[in-house]
Amino acid sequence: MPLRPVSTVGALADALRSRVLSGEIAPGTPLPEQELAASYGVARPTVREALAVLVHEGLLRRERNRSAYVPEVTLADLDDLMYVRRPLEDLMAQAVAGRRVPAAEAALGRMAALPAEALWSESVAEHMALHEALIEAVGSPRLERLYGVLAAETRLGLVRLREVYEDRDVLVREHRALLDAIAGGTAEEARAAVAAHLGHSWGGGA
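Residues numbered from 1 in each chain as written. Predicted model: local features only at pLDDT ≥ 70, side-chain atom pairs only at ≥ 80, totals over all residues. Heavy atoms only, no water.

Participant: Help me understand the pattern of salt bridges in this model?
Facilitator: Opposite charge on two side chains permits them to pair, given that their charged atoms come into close proximity. Using the criterion set out here, one finds 16 salt bridges in the structure. We note a salt bridge from E33 to R44, for which the minimum N-O separation is 3.4 Å. Note that E33 is positioned in helix α2 (residues 33-40) and R44 in helix α3 (residues 44-57), a separation of 11 residues in sequence. When the shortest N-O distance is used, the salt bridge between R48 and E33 registers 3.0 Å. Taken together, the positions of R48 in helix α3 and E33 in helix α2 put the pair 15 residues apart, joining distant regions of the chain. (Salt bridge = Lys/Arg side-chain N within 4 Å of Asp/Glu carboxyl O. Helix = DSSP H or I, 4+ residues; strand = E, 2+ residues; numbered from the N terminus.)

So this is what it looks like as structure tokens:
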């Protein structure tokens, strides 16, 4: 079956998403529709639709009489995010302990295969895919929905880690150790491994 071509709106949304998740567009930076239209050579309605996609994803915020912008996610926000995320991942560890999750392994493989010059947004995408695959392996639609609510803030939080993980191999090794611990351990051992993995500060892991 042939692939459908990517729409102009989708292509622009992809380009802006990559810039946001690579940290190229800093929090608070306004994204005026007219400037984006001129920069990308597209019509303003196209820009408006692309921005709406990212607003819906939680990666941009739009307020009345103000251009869309990347929301600031503070360290206090991230600490609170982890406070909510930990019990969800603890439930995952109990349910998934003792088995491999092919989709998580595949995400780690893609992360490891990224070239040195790859944008940080590509690491963010595979990082999120790995953790989401673990959650989905539980088989609980409600757990998936709860975890999905945290996705945008988690992605924005991961932008902070690009300087910590200048060597992507460190990120790969940490997640290899996590998947091995979950697959090879008891429920309690898996829970301990997940807690340790999430126990880093946002200056040193996620």
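Participant: Help me understand the nonpolar core, please; the structure alone is not making it clear to me.
Facilitator: Generally speaking, a soluble globular protein has its nonpolar side chains buried in company with each other. In terms of nonpolar packing, the biggest core is built from 55 residues, with L51, L60, L134 and I182 touching the most fellow members. Built from parts of two domains, this core gets at least three residues from each of domain 1 (8-70) and domain 2 (75-201). Discounting chain neighbours no more than four positions away, the residues touching L60 are V20, L31, L51, L54, V55, A68, Y69, V70 and P71. (Core = buried A, V, L, I, M, F, W, Y, C linked by side-chain atoms within 4.5 Å. Buried < 20%, exposed > 50% of the residue type's maximum accessible area, 1.4 Å probe, protein only. Domains from an automatic or database assignment. Contact = heavy atoms within 4.5 Å.)

Participant: Help me out: how do you make sense of the packing of aromatic side chains in this one?
Facilitator: The geometry of an aromatic ring pair is captured by two quantities: the separation of the ring centres and the angle between the planes. Within this structure, the stated rule accounts for zero aromatic pairs. Against the face of Y69 rests R66, its NZ or CZ located 3.7 Å from the ring centre. (Phe/Tyr/Trp six-rings, centres within 6.5 Å; stacked < 30°, edge-to-face > 60°. Lys NZ or Arg CZ within 6 Å of the ring centre and 35° of its normal.)

Participant: How should I be thinking about helix α5 (residues 102-113) in this particular structure?
Facilitator: Side chains that are three or four residues apart share a direction in an α-helix, a result of its 3.6 residues per turn. Between its first and last C-alpha, α5 extends 16 Å over 12 residues, near the 16 Å set by a 1.5 Å rise per residue. Looking only at α5, the buried set comprises A104, A107, L108 and M111. Along the axis of α5, the buried positions cluster into a sector of 100°, meaning they face one direction only. Across α5 from its buried face, at more than 90 degrees, point the exposed residues P102 and A113. As for α5, its buried residues are in contact with α6 (120-136) and α9 (168-184). (Expected span 1.5 Å × (residues − 1). Arc of directions from axis to C-beta.)

Participant: So what exactly am I meant to see when it comes to a negative patch on the surface here?
Facilitator: Negative charge collects at one region of the surface, where D77, D79, D80 and E153 lie side by side. Among the elements that line the negative patch, the one with the most residues is helix α4 (residues 75-96), at three residues. As for its position among the elements, D80 is in helix α4. (Patch = residues over 30% accessible without salt bridge, like charges linked within 9 Å, V, L, I, M, F, W, Y side chains within 5 Å. Areas by Shrake-Rupley, 256 points an atom, 1.4 Å probe, with all protein chains shown as cover. Lys, Arg positive; Asp, Glu negative; His and termini not counted. Charge placed at Lys NZ, Arg CZ, Asp CG, Glu CD.)

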